Amino acid sequence: MRAIDLEETPKVVQRHFQDLSQRYGSVLALDLINQQGSEAVLSLAYGSAMQSLVNKNLRYVPFDFHRTCGHTHFERLTSLYDQIAEDFSDQGYFFVNPSGVVVEEQKGVARTNCIDCLDRTNVTQSLLGRKSLEVQLQRAGLFGPSDSVTQHATFDEQFKQLWADHGDNISIQYSGTSALKGDFVRHGKRTTFGPIQDGYNSLARYYLNNFHDGLKQDAMDLVTGKYDLKLSNTNLIHPKGFESYSSLPLALILAGAGVTFTSVSLRQAGGQDAIQILCTILGASLTAAVLFIVRSTGREFCNKPRLCKLY
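What you see is a predicted model; the values in this text were computed from it and never measured. (Residues numbered from 1 in each chain as written. Predicted model: local features only at pLDDT ≥ 70, side-chain atom pairs only at ≥ 80, totals over all residues. Heavy atoms only, no water.)

Visitor: Go over the overall build of the chain with me, naming the residues and quoting the values.
Guide: What the chain contains, in helices and strands, is twelve helices and five strands. Burial statistics for the chain: of 311 residues in total, 38% are counted as buried. Sequence-distant contacts in the chain: of pairs separated by 6 or more residues, those separated by 24 or more amount to 61%. Only carbon and sulfur atoms are counted for the fraction: they give 59% of the accessible area of the chain, which is about 18800 Å². (Helix = DSSP H or I, 4+ residues; strand = E, 2+ residues; numbered from the N terminus. Buried < 20%, exposed > 50% of the residue type's maximum accessible area, 1.4 Å probe, protein only. Contact = heavy atoms within 4.5 Å. Areas by Shrake-Rupley, 256 points an atom, 1.4 Å probe, with all protein chains shown as cover.)

This is the structure we're talking about:
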């Protein structure tokens, strides 16, 4: 696999944002990745590269999504919007009057990223889409000066469903599952079932990435002319080994049972019952053991002379 030339990174970043500026005008670069933990290295590298750019049409806005919003308080995204509201408004939108005359053209874009640019990105973009839509409807005379989408229940529901379906379809193409945090986009709030669905999708993504996406990667490399038979033992027609008999339902049942037991036990413990706390620790340990076995099996499979995305 080709080595990454870190010295070329600033040049690549420069070319990328120069291209965006030439195409769209001003660029709001919204960076949603964690500024602590395992993502911090990427956050620092991205921020450093952005600081070195000289582009009057570019504004870089780091926003630690998880630190600010956690996994439930997505309404706190308004703090991000408050930071960019003026620049976002200045970018405008494409508007044509009833006579067909172009009254206004959009002068910029909001470039949003997280890690996979799926889940956090989708939630944030849905907010920006809503804000832009409200301004356009107000200008068209369909909304009053202070009206919002949320004041029109049927329209609000249709907007949320449309945006959630859009995010799910993109996510399925990329990761094999619907988008995480989709309950907030679809219902405007976190639901009881939402975190459970997120847990299921996360496990499914982990499984697919380890045991099935390697074959897809080989197929894409074959189509693009980068597939090297010397580096892969994969049979693209009839896959063999673990990938041919691995079971997603079994893996999810084992891990899901452990997570459920741990959650229920922790809720019952309430920080007081020592026996329940001990059961919680035991359940968490068993869950970790199952995931470790699955990960180890996947690592052994991926250590064969072939490409594998995660490892």
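Visitor: Lay out the sheet that holds strand S1 (residues 26-31) in plain terms, naming residues and giving numbers.
Guide: Reading across the sheet, the three strands line up as S2-S1-S5 and stay open at both edges, with parallel pairing between neighbours. The strands lining the two open edges of the sheet, one partner per strand, are strand S2 (58-62) and strand S5 (108-113). For this sheet, the mean angle separating the axes of adjacent strands, direction not counted, is 15 degrees. Of the pairings in the sheet, the one linking S1 to S5 comprises six bridges and is parallel in character. Opposite Asp 31, over in S5, you have Asn 113 as the bridge partner. Packing of helix H4 (residues 78-91) onto the sheet brings it into contact with S1, S2 and S5, and relative to S1 it is tilted by some 160 degrees. (Pairing = 2+ DSSP bridges. Axes fitted to C-alpha atoms, helices over the stretch in contact; angles between N-to-C directions.)

Visitor: Tell me about the packing of H4 against helix H5 (residues 119-139), and please be specific about residues and values.
Guide: Where H4 contacts H5, the axes come no closer than 11 Å and their chain directions differ by 50 degrees. On the basis of their axis angle, the class for H4 and H5 is oblique. The element H4 and its partner H5 pack so that their crossing is right-handed. Residues Thr 78, Leu 80, Tyr 81, Ile 84 and Phe 88 of H4 pack against Thr 124, Leu 127, Leu 128, Lys 131 and Ser 132 of H5. Of the residues that constitute the contact of H4 with H5, the class distribution is six nonpolar, three polar and one charged. (Parallel < 35°, antiparallel > 145°, perpendicular 65-115°, else oblique. Left-handed = near helix turned anticlockwise from the far one by under 90°. Nonpolar A, V, L, I, M, F, W, Y, C, P; charged D, E, K, R; others polar.)

Visitor: Any details on the pattern of salt bridges? Residues and values, ideally.
Guide: Within this structure, the stated rule accounts for eight salt bridges. We note a salt bridge from Glu 104 to Arg 139, for which the minimum N-O separation is 2.3 Å. Residue Glu 104 is located in strand S4 (residues 102-104), and its partner Arg 139 is located in helix H5; the two are separated by 35 residues in the primary sequence. The partly exposed category is assigned to Arg 139, whose relative accessible area is 38%. Residue Asp 156 is joined to Arg 130 by a salt bridge in which the shortest nitrogen-to-oxygen separation is 2.8 Å. Linking Asp 156 in helix H6 (residues 153-175) with Arg 130 in helix H5, this pair joins segments that are 26 residues apart in sequence. Exposure remark for Asp 156: the relative accessible area of 10% places this residue in the buried category. Overlapping salt bridges, with partners in common, bring together Arg 130, Asp 156 and Lys 160 in one network. (Salt bridge = Lys/Arg side-chain N within 4 Å of Asp/Glu carboxyl O.)

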